[in-house]
Amino acid sequence: MIFESLPTTPRSDELIDKAFSRAARTGRAKQNKLEAQQSMLQTASNILSDNLENVVVEWPDFGTVDPFYYELADAIVDVDEVRKSLSEVMWASRQVDNIAREYQPKLRKTDADLARKHRKQAFARMASVVEEVEDDLLRIGEARDALKDLPDIRPDEPAIVVAGYPNVGKSSFVNDVTRASNEIARYPFTTKGVQIGHFDRDRIRYQIIDTPGLLDRPEDERNDIERQAVSALEHLADAVIFVADASGACGYPIESQLELRDAVKARFEERDIPVLTVCNKSDRSTDMEADLYMSVETGENVEAVLDAAVEAIGFEPDIPPSRNE
């Protein structure tokens, strides 16, 4: 996942202390006092400039990030603000380098005392530059902490999103068809875990995703962040399975369930994403019109539902042509 390997972002005071402490050790190792001042300047500028630049280059280019991850990130942290902060930190890196270049000639062909005075001036200016981006470093660090634990959902693999009111059997369905312990990850904007499973068909790996807290209630009950998260799912989903419970055992009347189904269907079909209506608990009731009927509890038609979703996706992997073609 593109955010999980982001390194910890240093604070400005940590970075300044690290650079100047190491510069002091470098200076003490030099016998010649003039060379000591020159070495201290170079060491401090290298540490500050390189560390600030590394903060920026470790982040992905939001201009090329998959739309799913872009919108997901923007739902959690303000991407525009993060980009501005990254730009400011890169500016600080270049400013530190420019200050070092400005003072290097002043530390040559002079006496040690004057060189020490110039070096201290350079250090003060470098510290001022780093302190100027203190808030930007904090913002980047907070964004990193918020994004690094996002679940590993892969936009390049076909994905089936499971929707429907709570207690209709969505999680049981995902568990059943993956036949494995699913990864449980938590988005910062939901109170429940997002369940991700995988299964294979014809050597193609499919993702199947249950999103409690997002597609299990009407639009007007979602907050702004949750609405944007649903928008992100529109970029990810290749098909939607809407699970309903005609028996009413879930605690929600079938009329409300179908209203939510219609809203989900209208939203995703705008992007030509197929939505299958599946009546679960068919061993109890089939008193509703649906594309398919199943019972996760008894196992009836579960594989048929999965096959129908795969067929609706119609995924064809990019296969390189053979040498004979």
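The model shown is predicted, which means the values in this text are computed figures rather than measured ones.

Analysis parameters
- Residues numbered from 1 in each chain as written.
- Predicted model: local features only at pLDDT ≥ 70, side-chain atom pairs only at ≥ 80, totals over all residues.
- Heavy atoms only, no water.
- Helix = DSSP H or I, 4+ residues; strand = E, 2+ residues; numbered from the N terminus.
- Rg over C-alpha atoms; globule rule 2.2 N^0.38 Å.
- Contact = heavy atoms within 4.5 Å.
- Areas by Shrake-Rupley, 256 points an atom, 1.4 Å probe, with all protein chains shown as cover.
- Lys, Arg positive; Asp, Glu negative; His and termini not counted.
- Charge placed at Lys NZ, Arg CZ, Asp CG, Glu CD.
- Buried < 20%, exposed > 50% of the residue type's maximum accessible area, 1.4 Å probe, protein only.
- Pairing = 2+ DSSP bridges.
- Right-handed = clockwise from strand over helix to strand, strands pointing away.
- pLDDT = per-residue confidence, 0-100.

1. Observations regarding the overall build of the chain
- A tally of regular secondary structure across the chain gives ten helices and seven strands.
- The C-alpha radius of gyration of the chain comes to 28 Å, more than 25% above the 20 Å expected for a compact globule of 325 residues.
- C-alpha atoms of the chain, sized along the principal axes, occupy 95 × 55 × 35 Å.
- Of the contacts formed within the chain by residues at least 6 apart in sequence, a portion of 71% connects residues at least 24 apart.
- Looking at the chain as shown, the accessible area adds up to about 16,500 Å², and 42% of this sits on carbon and sulfur atoms.
- The average position of the 40 basic charges and that of the 63 acidic charges among the side chains of the chain differ by 13 Å.

2. A few points about the pairing of strand β6 (residues 275-280)
- Counting buried positions along β6 yields six of six residues, so the element is predominantly enclosed.
- Judged by which residues are buried, β6 turns out to be covered on both faces: Val275, Thr277 and Cys279 on one side and Leu276, Val278 and Asn280 on the other are all buried.
- Pairing geometry for strand β5 (residues 239-245) and β6, over six bridges, is parallel. Paired with Ile241 across the two strands is Leu276, which belongs to β6.
- With helix α9 (residues 254-269) bridging β5 and its parallel neighbour β6, the resulting β-α-β unit is right-handed.

3. Observations regarding unusual backbone geometry
- Phi at Asp272 takes a positive value of approximately 60 degrees, unusual for a residue other than glycine.
- We note that Asn301 has phi near 65 degrees; this positive angle belongs to a residue other than glycine.
- Position of Asn301 among the secondary structure elements: in the loop between β7 (292-293) and α10 (302-313).

4. A few points about the confidence of the model for the chain
- Summarising the model, the chain shows a mean pLDDT of 89, and 92% of its residues fall at 70 or more.
- Here residues 321-325 scores under 50 on pLDDT; set against residues more than four positions off or in separate chains, the count is zero contacts.

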